[in-house]
Amino acid sequence: MIRLVVTDLDGTFWDHDLTVPEAHLNAVDELQRRGIEVIVATSRRRRVVEHHMGRVGRSFAAVVLDGAMGVDLRNGTRFHDAPFAADAAVEVLQRFRLHGFEPCVYVDESDVDVVLPTMPSTCRAHADYLAPIARTGDLDLEVASGPVYGFSVVGRPREDLARLATELTNDGAELMLFPERTYGGWGLVVAPPSVTKWSGVLAYCEPRGIQPREVMAVGDGDNDIDMLRRCGVAVAVRGGTEGAVAVADDLIEPPEARGWAAVVDIVDGAGG
């Protein structure tokens, strides 16, 4: 029996402009009516999830920053916290710089989510987007004092990022290298070692007595693969990454086709 559905957001629950189809909201309401909880797991920041879900009158528990943090947005309770160790954060920053990048650094402050260097390597449009919840700072000081929850550079050619991604993977970092739909080019997001979305999902489930076999996970990207592999029922978005589709038990259509609404039927088939 499924007790919990955990869903990715971008390309899964909401579309490219962060709009949630009404059919998806109706499906969430139906699952909750049956006593099945829905939470989200995303590479996005807490404030982004809170803002865009608030627009449609919904609030969820959220695993954010690819598993580095978990916050119940219904009451503000932190249920998971997994920042970089200071030495690991320093090593990641050094690796970025060896490839000529000054990354965005994700933090957790009362009014700031991101620290930007004076000359960020992320594309200008992304830096401008982050500006309202960012400050400029000394990255060496930031990573040494912490806590740091992630690094990113987006809107760059794939070849600029691919070698760096390979080296970070060899160093044991968790990361996502992906085509950037909003800004063009490619993006690279780096999470703490051994931290994935599933880490945050487990932190939510364990005190509630929810077993992995009672979890359905829904996603479309490589950063969803770990939770898709480890949950009871794995659902991927048709047209998602090859790795995500390969480990799925079921497929749904993308959000433009209101695919998430089919999750209710899949829960029925799983005995939920």
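Scroll up to find the structure.
Asks: When you look at the sheet that holds strand β14 (residues 250-252) in this model, what are you seeing that I'm missing?
Replies: Pairing between the strands of a sheet comes from backbone hydrogen bonds, and it takes one of two forms, parallel or antiparallel. Taken together, the eight strands give an open sheet; going across it, the order is β5-β4-β3-β2-β1-β12-β13-β14, and neighbouring strands pair in mixed fashion. What marks the edges here is a single partner per strand, and that holds for β5 (77-81) and β14. Adjacent strand axes in the sheet meet at a mean angle of 20° when their direction is disregarded. With four bridges joining them, strand β4 (residues 69-72) and β5 adopt antiparallel strand pairing. Of the residues in β5, the one forming a bridge with D72 is T77. Packing of helix α2 (residues 46-55) onto the sheet brings it into contact with β2 (37-41), β3 (61-64) and β4, and relative to β3 it is tilted by some 140°.

Asks: Mind showing me how you'd approach helix α1 (residues 22-33) here?
Replies: Helical periodicity: at 3.6 residues per turn, an α-helix aligns residues three or four positions apart in one direction. Taking 1.5 Å per residue, twelve residues should reach 16 Å; α1 reaches 16 Å between its end C-alpha atoms and fits that length. Every buried residue of α1 is accounted for by H24, L25, A27, V28 and L31. Each buried residue of α1 lies within a common arc of 155° when the element is viewed along its axis, so the set occupies one face. For α1, the exposed residues set more than 90 degrees away from the buried face come down to E22 and R33. On its buried face, α1 is in contact with β1 (4-7), β2 and α10 (263-269). Backbone geometry just after α1 places G35 at a positive phi near 85°.

Asks: What is the right way to read the packing of aromatic side chains from this model?
Replies: Two measures describe an aromatic ring pair: the distance that separates the ring centres and the angle between the ring planes. By the definition in use, this model includes four aromatic pairs. Geometrically, the ring pair formed by F84 and F151 is edge-to-face, given 5.3 Å between the ring centres and 75° between the ring planes. Placement of the pair is F84 in the loop between β5 and α3 (86-98) and F151 in strand β9 (residues 150-156), with a sequence separation of 67 residues. For F84, a relative accessible area of 6% gives the class buried. Under the relative-accessibility criterion, F151 is labelled buried at 0%. The structure contains a cluster of three or more aromatic residues connected by ring pairs, namely F84, F96 and F151.

Asks: Help me out: how do you make sense of unusual backbone geometry in this one?
Replies: Comment: phi is negative for the bulk of residues other than glycine, and the bulk of peptide bonds are trans. At the junction of G146 and P147, the peptide bond is cis and its omega measures out at -5° in the coordinates. The topology assignment puts P147 in the loop between α5 (139-145) and β9. Phi is positive for L65, close to 55°, though the residue is something other than glycine. For L65, the location among the structural elements is in the loop between β3 and β4.

Asks: Honestly, the nonpolar core in this entry has me stumped. Any pointers?
Replies: Side chains that are nonpolar tend, in soluble globular proteins, to be buried together. Grouped together as the largest cluster of nonpolar side chains are 46 residues, with contacts concentrated most on V5, L31, M53, M216 and W260. Each residue touching M53, except ones within four places of it in the same chain, is listed here: L9, F13, W14, V20, V40, R58 and F60. Core analysis: the next-biggest nonpolar cluster, separate from the first, contains 23 residues, V105, V112, V143 and A165 among them.

Asks: Looking at this structure, I do not really get helix α6 (residues 158-170). What am I missing?
Replies: Counted at 1.5 Å a residue, the expected span for α6 with its 13 residues is 18 Å, and the 18 Å between its end C-alpha atoms agrees. Restricting attention to buried positions, one finds in α6 the residues L161, A162, L164, A165 and L168. Elements in contact with the buried residues of α6: α3, β9, β10 (174-179) and β11 (186-191). One or two residues past the end of α6 sits G172, with phi positive at roughly 100°.

Asks: Whenever I open this one, the side chain of N223 confuses me. Can you help?
Replies: Mapped onto the elements of the fold, N223 is located in the loop between β12 (215-219) and α8 (225-230). Among the polar contacts made by the side chain of N223, one reaches the side chain of D66 at a distance of 2.7 Å. Not counting residues within four places of it along the chain, the set of residues in contact with N223 comprises S43, D66, M176 and K197.

Asks: Explanation requested: the pairing of β1 in the structure shown.
Replies: A regular strand places its side chains so that they alternate between the two faces of the sheet. Side chains L4 and V6 project from β1 onto one buried face, and the interleaved V5 and T7 project onto a second face that is buried too. Bridge count between β1 and β2: four bridges; the pairing is parallel. Bridged to V5 within β2 is V38. For the handedness criterion, the β-α-β arrangement of β1, α1 and β2 is classed as right-handed. One ladder, built from four bridges, connects β1 with β12; its direction is parallel. Residue pairing across strands places V5 opposite M216, the latter belonging to β12.

Scoring rules and cut-offs
Residues numbered from 1 in each chain as written. Predicted model: local features only at pLDDT ≥ 70, side-chain atom pairs only at ≥ 80, totals over all residues. Heavy atoms only, no water. Pairing = 2+ DSSP bridges. Helix = DSSP H or I, 4+ residues; strand = E, 2+ residues; numbered from the N terminus. Axes fitted to C-alpha atoms, helices over the stretch in contact; angles between N-to-C directions. Contact = heavy atoms within 4.5 Å. Expected span 1.5 Å × (residues − 1). Buried < 20%, exposed > 50% of the residue type's maximum accessible area, 1.4 Å probe, protein only. Arc of directions from axis to C-beta. Phe/Tyr/Trp six-rings, centres within 6.5 Å; stacked < 30°, edge-to-face > 60°. Core = buried A, V, L, I, M, F, W, Y, C linked by side-chain atoms within 4.5 Å. Polar contact = N/O pair within 3.5 Å; in protein donor to acceptor, adjacent residues only side chain to side chain. Right-handed = clockwise from strand over helix to strand, strands pointing away.

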